[in-house]
Amino acid sequence: MNIEQADQARQDPTYRKALVELLYQLADDELCLGHRDSEWLGVAPDLEGDVAFSSIAQDEVGHAIFHLERLHELGEADPDTLAFSRGLNERRNAVLMERPNGDWAKTILRHFLYDMFDDVRTEALLASSYRPLAQGMAKIQREEYYHLLHLKLWFIRLARGGGEARHRMEQALAEVWPEVGDLFSLGEGEEELLRHGLIQCGSGELMHRWVERVKPVFQEAELLWPGLPPQPELQGRSGEHTQDLAEMIRTLSEVYTSDPAACW
């Protein structure tokens, strides 16, 4: 079924272009986050956090692979090439996802805010006109449910912890918030995505739904709501990225680039 609908998508250039852009956004967000999560292996503040982040990292990378495989079905390069060999301006992840982890508070905050966004975006993709994507997102949603539970608990725990934990969470919020708005962009092809039914709501509605879910958690965590995320300086969905992503790709692809023709 996947291959059949992929063939149909190839026959409609506007449909294919919008779908490919969307899949790159999904894949690149998840790949960046999965890699950042993996960097906590062995250095998380407790054993439970270490094991949890190792598992979450595997899931996120697995989700990225799913999207990269759908791209390959549509005629793009194989998943390894797409993951390791594209240049910065070809990447479609939100800039927030490429930033270094920082301390534990910043990691938790960034992950919680993203997972809330990802939950909203996933719901908007469950009825996607591209059935392979809709079917895959239904499975991914079940896995992400547990990620969000874990991150929400840590978010509230740190924010209400007082002292150093509270201070670091407030500091992380000040650093992260200016780039949160980039998450909601659907890129230059948003109109086509909506016209073809590839996603069921636009960027404005995604942010509205996200605010409705995140704001009550801020209240529960006794954190002051910062207001709507501002327009970001860089547009990751349009290929605008930082040196942080360049360094991440270099690390991520170190083994692959040693012999791209090898079968690992």
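A brief report on the enclosed structure follows. What you see is a predicted model, and the numbers here were worked out from it, not measured in a lab.

**Thoughts on the pattern of salt bridges**
For the structure shown, the criterion picks out 20 salt bridges. Between Arg 160 and Glu 222 there is a salt bridge, with the nearest N and O atoms lying 3.6 Å from each other. In this pair, Arg 160 sits in the loop between helix H7 (131-159) and helix H8 (163-176) while Glu 222 sits in the loop between helix H10 (203-220) and helix H11 (243-252), placing the two residues 62 residues apart along the sequence. A salt bridge links Arg 168 to Glu 164, with the nearest nitrogen and oxygen atoms 2.8 Å apart. One end of the pair is Arg 168 and the other is Glu 164, both in helix H8 and four residues apart, which spans about a single turn. Look at Glu 164 and you get partly exposed, because its relative accessible area is 48%. One salt-bridge network, held together by shared partners, links Asp 29, Asp 118, Arg 121 and Arg 237.

**Topic: the packing of helix H2 (residues 13-38) against helix H3 (residues 47-73)**
Where H2 contacts H3, the axes come no closer than 8 Å and their chain directions differ by 155°. On the basis of their axis angle, the class for H2 and H3 is roughly antiparallel. Crossing handedness for the pair H2 and H3: left-handed. Residues Val 20, Leu 23, Tyr 24, Leu 26, Ala 27, Glu 30, Leu 31, Leu 33, Gly 34, Asp 37 and Ser 38 of H2 pack against Phe 53, Ile 56, Ala 57, Glu 60, Val 61, His 63, Ala 64, His 67, Leu 68, Arg 70 and Leu 71 of H3. Looking at the contact of H2 with H3 residue by residue, the class counts come to 14 nonpolar, four polar and four charged.

**Points about the packing of helix H6 (residues 104-125) against H8**
Direction vectors running N to C along H6 and H8 enclose 55°, while the axes themselves pass 8 Å from each other. Comparing the axis directions of H6 and H8 gives the class oblique. Our pair here, H6 against H8, has a crossing hand that is right-handed. For the pair H6 and H8, contact is made by Ala 105, Lys 106, Leu 109 and Leu 113 and by Arg 168, Met 169, Ala 172, Leu 173, Glu 175 and Val 176, respectively. For the contact of H6 with H8, the residue count by class is seven nonpolar, no polar and three charged.

**A few points about the packing of aromatic side chains**
Each aromatic ring pair is specified by the distance between its two centres and by the angle formed by the two planes. Counted by the stated rule, this structure contains 15 aromatic pairs. On the basis of an interplanar angle of 50° and a centroid distance of 5.0 Å, the ring pair of Phe 53 and Trp 104 is categorised as tilted. Of the two residues, Phe 53 is situated in helix H3 and Trp 104 in helix H6; the sequence distance between them amounts to 51 residues. Trp 104 gets classed as buried once you look at its relative accessible area, which sits at 9%. Among the aromatic residues, ring-to-ring pairing joins Phe 112, Tyr 114, Phe 117, Phe 155, Trp 177, Phe 184, Trp 210, Phe 218 and Trp 225 into one connected group. Cation over ring: Arg 157 sits above Trp 154, and NZ or CZ is 4.3 Å from the ring centre.

**A look at the nonpolar core**
Taken as a class, soluble globular proteins show a tendency for nonpolar side chains to be buried jointly. By size, the foremost hydrophobic cluster in this structure holds 76 residues, and its most contacted members are Leu 113, Phe 155 and Trp 210. Each residue touching Phe 155, except ones within four places of it in the same chain, is listed here: Ile 108, Leu 109, Phe 112, Met 169, Val 217, Phe 218, Ala 221 and Leu 223.

**Considering H10**
The terminal C-alpha atoms of H10, which comprises 18 residues, lie 26 Å apart, in line with the 26 Å expected from a rise of 1.5 Å per residue. The principal kink in H10, of about 25°, is found at Val 211. The complete set of buried residues in H10 reads Leu 206, Met 207, Trp 210, Val 211, Val 214, Val 217 and Phe 218. For H10, the secondary structure elements touched by its buried residues are H6, H7 and H8. Directly after H10, the chain includes Glu 222, whose backbone phi takes a positive value near 60°.

**Side note on the environment of Thr 251**
By the element assignment, Thr 251 lies in helix H11. Here Thr 251 falls in the partly exposed class, since its relative accessible area comes to 48%. In the structure, Thr 251 is positioned 11 residues away from Ala 262 in sequence and 18 Å away in space, judged by C-alpha atoms.

**Remarks on the side chain of Asp 37**
Take Asp 37: it is sitting in helix H2. Not counting chain neighbours up to four residues away, the residues in contact with Asp 37 comprise Phe 53, Ile 56, Ala 57, Glu 60 and His 111.

Parameters and conventions
- Residues numbered from 1 in each chain as written.
- Predicted model: local features only at pLDDT ≥ 70, side-chain atom pairs only at ≥ 80, totals over all residues.
- Heavy atoms only, no water.
- Salt bridge = Lys/Arg side-chain N within 4 Å of Asp/Glu carboxyl O.
- Helix = DSSP H or I, 4+ residues; strand = E, 2+ residues; numbered from the N terminus.
- Buried < 20%, exposed > 50% of the residue type's maximum accessible area, 1.4 Å probe, protein only.
- Axes fitted to C-alpha atoms, helices over the stretch in contact; angles between N-to-C directions.
- Parallel < 35°, antiparallel > 145°, perpendicular 65-115°, else oblique.
- Left-handed = near helix turned anticlockwise from the far one by under 90°.
- Contact = heavy atoms within 4.5 Å.
- Nonpolar A, V, L, I, M, F, W, Y, C, P; charged D, E, K, R; others polar.
- Phe/Tyr/Trp six-rings, centres within 6.5 Å; stacked < 30°, edge-to-face > 60°.
- Lys NZ or Arg CZ within 6 Å of the ring centre and 35° of its normal.
- Core = buried A, V, L, I, M, F, W, Y, C linked by side-chain atoms within 4.5 Å.
- Expected span 1.5 Å × (residues − 1).
- Bend = angle between axes of the 7 residues up to and from the residue.

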